[in-house]
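Structural characterization, general
Each chain, written out:
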Amino acid sequence: MSAKHPIIAITGSSGSGTSSVTRTFDQIFRREGVNAVIVEGDSFHRYERKPMKAAMKEALDAGNPNFSHFGPDANLFEDLEALFRTYGETGTGRRRLYLHNEEEAAPYGQEPGTFTPWEDLPESDVLFYEGLHGAVVTETVDVAQHADLKIGVVPVINLEWIQKLHRDKASRGYSTEAVTDTILRRMHDYVHYICPQYTRTDVNFQRVPTVDTSNPFISRHVPSPDESFVVIRFRNPKGIDFPYLLNMLHDSFMSRPNTIVVPGGKMELAMQLIFTPFIWRLMDRRTR
């Protein structure tokens, strides 16, 4: 953790909705005049798309059906921790991009599914990470210790799968069967490397649908925000003005001393109300 060079880490599984949280932070940064450098978690995968498929086949042939982007073998955890440590100490580091599709790849003249070259980070007030492993800890790596604010985005599992199915089928052209195979292959690493992060995050946002999601693999629609609640849990509720939040977020209520429940349509407003003061404190500490 660093007073002069703070780090904010958004962590969540594939299809959890971390991108929407990033858009909300973009608005906060812009409004508050904060210069944030964004680091994408996908850029710390170990393999590009084609080599990843080859590595998966090799692992399967060797009797390992669980090789996935969620686990350490397919990621550069050591490099991610080194970036967090270096940025916290000096405000510098290196990043690259993972180009998911034709639209992202075209400006670089590269194929989709490839990395751009590593480059030095520009000067910034804060590092903002969005990805799978912002609070990961293993026997040899502790990324979580370096982040000043860690946020988990954790829809209930059936909703997470529905969101992933619809995203991967619509934007990446995958079939339901292909996405289902990916979910099953990732389950071991999901349990051992994704879920434990949410005990280390400072704030968790868990969207809970109020419609039937019993079989996510046949769901025609992603439940809308108005068809859900968001459970917001604070690891340390000290300093959180719950009466203010309850007053500002209509129809919200407390379910535990460290947990507030808000209507799904109020999730972005809740983030604005909760995290703007966090940003103020980080920037004030940085200035002092």
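Nothing here was measured: the structure is a model prediction, and the numbers come from that model.

Moving on, we come to the overall build of the protein. Helix and strand content of the protein: eight helices and twelve strands. A compact globule built from 288 residues would reach a C-alpha radius of gyration of about 19 Å, and the protein, at 19 Å, matches this within 12%. Counting only C-alpha atoms and orienting by the principal axes, one finds that the protein spans roughly 55 × 50 × 40 Å. Split into buried and exposed, the 288 residues of the protein put 50% on the buried side.

Attention now goes to empty space enclosed by the protein. Scanning all chains against the criterion turns up two cavities of 30 Å³ or more. Size it by volume and the largest cavity reaches roughly 90 Å³. Lining the largest cavity are Ser 13, Ser 14, Phe 70, Ile 157, Glu 160, Trp 161, Lys 164, Ile 183, Arg 186, Met 187 and Tyr 190. Mapped onto the lining of the largest cavity, the elements with two or more residues apiece are helix H5 (157-172) and helix H6 (176-194). Considering only residue class, the lining of the largest cavity consists of six nonpolar, two polar and three charged. In terms of lining, the second largest cavity is formed by Gly 41, Phe 44, Asn 75, Leu 76, Phe 77, Leu 80, Tyr 129 and His 133.

Here we have eight strands laid out as an open sheet, ordered E2-E7-E1-E8-E9-E10-E12-E11, and mixed in their pairing. Both edges of this open sheet fall to strand E2 (36-40) and strand E11 (253-256), since each of them pairs with a single strand only. Here the strands of the sheet are splayed against their neighbours by 20° on average, with no regard to which way each runs. Strand direction decides the pairing type here: strand E1 (residues 7-11) and strand E7 (residues 126-131), joined by five bridges, are parallel. Bridging across to E7, Ala 9 finds its partner in Tyr 129.

On to unusual backbone geometry. Positive phi outside glycine occurs at Asp 251, with the angle close to 70°. With respect to the helices and strands, the residue Asp 251 is situated in the loop between helix H7 (242-248) and E11.

So, on to the pattern of salt bridges. Enumeration over the complete set of coordinates arrives at ten salt bridges. In this structure, the salt-bridge partner of Lys 164 is Asp 168, at a minimum N-O distance of 2.6 Å. Within this pair, Lys 164 and its partner Asp 168 are both found in helix H5, separated by four residues, close to a single helical turn. For the pair Lys 164 and Asp 168, a shared accessibility class is recorded, and that class is buried. Among the charged side chains, a salt-bridge network with shared partners connects Lys 164, Arg 167 and Asp 168.

Here the second largest pocket defines a volume of roughly 390 Å³. Every residue lining the second largest pocket is counted, 15 residues in all, and those nearest its centre are Asp 148, Leu 149, Asp 202, Phe 278 and Arg 281. Within the lining of the second largest pocket, the residues separate by chemical class into seven nonpolar, two polar and six charged.

With that settled, consider the pairing of strand E10 (residues 228-234). Most of E10 sits inside the fold, with five of its seven residues counted as buried. In terms of strand pairing, strand E9 (residues 203-209) meets E10 through seven bridges, oriented antiparallel. In the strand pairing of E10, Phe 205 is matched with Ile 232. One ladder, built from five bridges, connects E10 with strand E12 (residues 259-263); its direction is antiparallel. Note that in E12 the partner of Phe 229 across the bridge is Pro 263.

The subject of this paragraph is helix H1 (residues 18-32). For H1, spanning 15 residues, the distance from its first C-alpha to its last is 21 Å, which sits close to the expected 21 Å at 1.5 Å a residue. When we look at burial in H1, the residues that qualify are Thr 18, Val 21, Thr 22, Thr 24, Phe 25, Ile 28 and Phe 29. Mapping the buried residues of H1 onto a view down its axis gives an arc of 160°, with all of them on the same face. Across H1 from its buried face, at more than 90 degrees, point the exposed residues Arg 23 and Arg 30. The elements touched by buried residues of H1 are E1, E2, E7, strand E8 (149-153) and helix H8 (267-287). Immediately downstream of H1, the backbone of Gly 33 shows phi near 70°, a positive value.

So, how was this worked out
Residues numbered from 1 in each chain as written. Predicted model: local features only at pLDDT ≥ 70, side-chain atom pairs only at ≥ 80, totals over all residues. Heavy atoms only, no water. Helix = DSSP H or I, 4+ residues; strand = E, 2+ residues; numbered from the N terminus. Rg over C-alpha atoms; globule rule 2.2 N^0.38 Å. Buried < 20%, exposed > 50% of the residue type's maximum accessible area, 1.4 Å probe, protein only. 1 Å grid on protein atoms, 1.4 Å probe; cavity = no way out; pocket = protein on both sides within 12 Å on 5 of 7 lines; lining within 4 Å. Points joined across faces, edges and corners; volume = space filled by probe spheres on them. Nonpolar A, V, L, I, M, F, W, Y, C, P; charged D, E, K, R; others polar. Pairing = 2+ DSSP bridges. Axes fitted to C-alpha atoms, helices over the stretch in contact; angles between N-to-C directions. Salt bridge = Lys/Arg side-chain N within 4 Å of Asp/Glu carboxyl O. Expected span 1.5 Å × (residues − 1). Arc of directions from axis to C-beta. Contact = heavy atoms within 4.5 Å.

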